[in-house]
Amino acid sequence: MERLNLRPDIEALLEFNGYEKLMEIQTMVLPHMRAGENIMAEAPTGSGKTLAYLLPMLERLNDDKKVKLLIIAPTKELGSQIVTEVRKFTESVLFLPDAVGRERQIENLKKKKREILVGMANRIYELIGLGKIKVNHLQYIVIDEG
């Protein structure tokens, strides 16, 4: 794996998961996200977009149980795929799809404090409005396939 100057634990996980080199979208996005810039990027399916936005975010996780990353997906299927990718690197993720028991999700938010939340816009908006998702430590919002 080419050196990315990421935390050693993240680079080790990349290697463990079989990532040998950065894809074009990842090379383009990584420096801009590290610099805290707003980005809108487009790339074909299978081009590595999820990892492009996930890598700089993983560097900011510190296990303090505060939400730092909100990923909004248009469908339950895409949300599930994103969560699968995130779990290769951290268990600090919670999936909040629409059309699934809201009360159960609220319970999970209370007891499973995660730094990354993935869900559909309606559910995320609803849970923020109810005060169940605290956004005062939020560092990134990603709208996937916006």
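Note that this is a predicted model, so its numbers are computed, not measured.

Looking now at the pattern of salt bridges. Enumeration over the complete set of coordinates arrives at 10 salt bridges. Overlapping salt bridges, with partners in common, bring together R102, E103, R123 and E126 in one network.

What follows covers the nonpolar core. In this structure, L54, L55, L69, I71, I82 and I116 are the most contacted members of the largest nonpolar core, which totals 29 residues. Elements that contribute at least two residues to this core include exactly α1 (8–16), α2 (24–34), α3 (49–58), β1 (69–72), α4 (76–86), β3 (116–119) and β4 (140–143). Residue contributions to this core peak at 7 residues, all from α3. Residues within four places of I71 in sequence aside, it is in contact with Y53, I82, I116, L117, V118, G119 and V142. Counting residues in each nonpolar core, the second largest holds 10 residues, with L70, L94, I124 and L127 among its members.

Moving on, we come to empty space enclosed by the protein. With the rule as written, the count across this model stands at 1 cavity of 30 Å³ or more. Empty space within the largest cavity amounts to approximately 30 Å³. In this structure, the largest cavity is lined by M57, R60, L61, K68, L69, Q139 and Y140. Taken together, the residues of the lining of the largest cavity sort by class into 4 nonpolar, 1 polar and 2 charged.

On the basis of which strands lie adjacent, the open sheet formed by 4 strands has the order β2-β3-β1-β4 and parallel pairing. In this open sheet, the two strands that pair with only one neighbour each are β2 (93–96) and β4. Between one strand axis and the next, the sheet turns through 15° on average, direction left out of account. Relative to β4, β1 runs parallel, the two being bridged by 4 bridges.

Conventions used here
- Residues numbered from 1 in each chain as written.
- Predicted model: local features only at pLDDT ≥ 70, side-chain atom pairs only at ≥ 80, totals over all residues.
- Heavy atoms only, no water.
- Salt bridge = Lys/Arg side-chain N within 4 Å of Asp/Glu carboxyl O.
- Core = buried A, V, L, I, M, F, W, Y, C linked by side-chain atoms within 4.5 Å.
- Buried < 20%, exposed > 50% of the residue type's maximum accessible area, 1.4 Å probe, protein only.
- Helix = DSSP H or I, 4+ residues; strand = E, 2+ residues; numbered from the N terminus.
- Contact = heavy atoms within 4.5 Å.
- 1 Å grid on protein atoms, 1.4 Å probe; cavity = no way out; pocket = protein on both sides within 12 Å on 5 of 7 lines; lining within 4 Å.
- Points joined across faces, edges and corners; volume = space filled by probe spheres on them.
- Nonpolar A, V, L, I, M, F, W, Y, C, P; charged D, E, K, R; others polar.
- Pairing = 2+ DSSP bridges.
- Axes fitted to C-alpha atoms, helices over the stretch in contact; angles between N-to-C directions.

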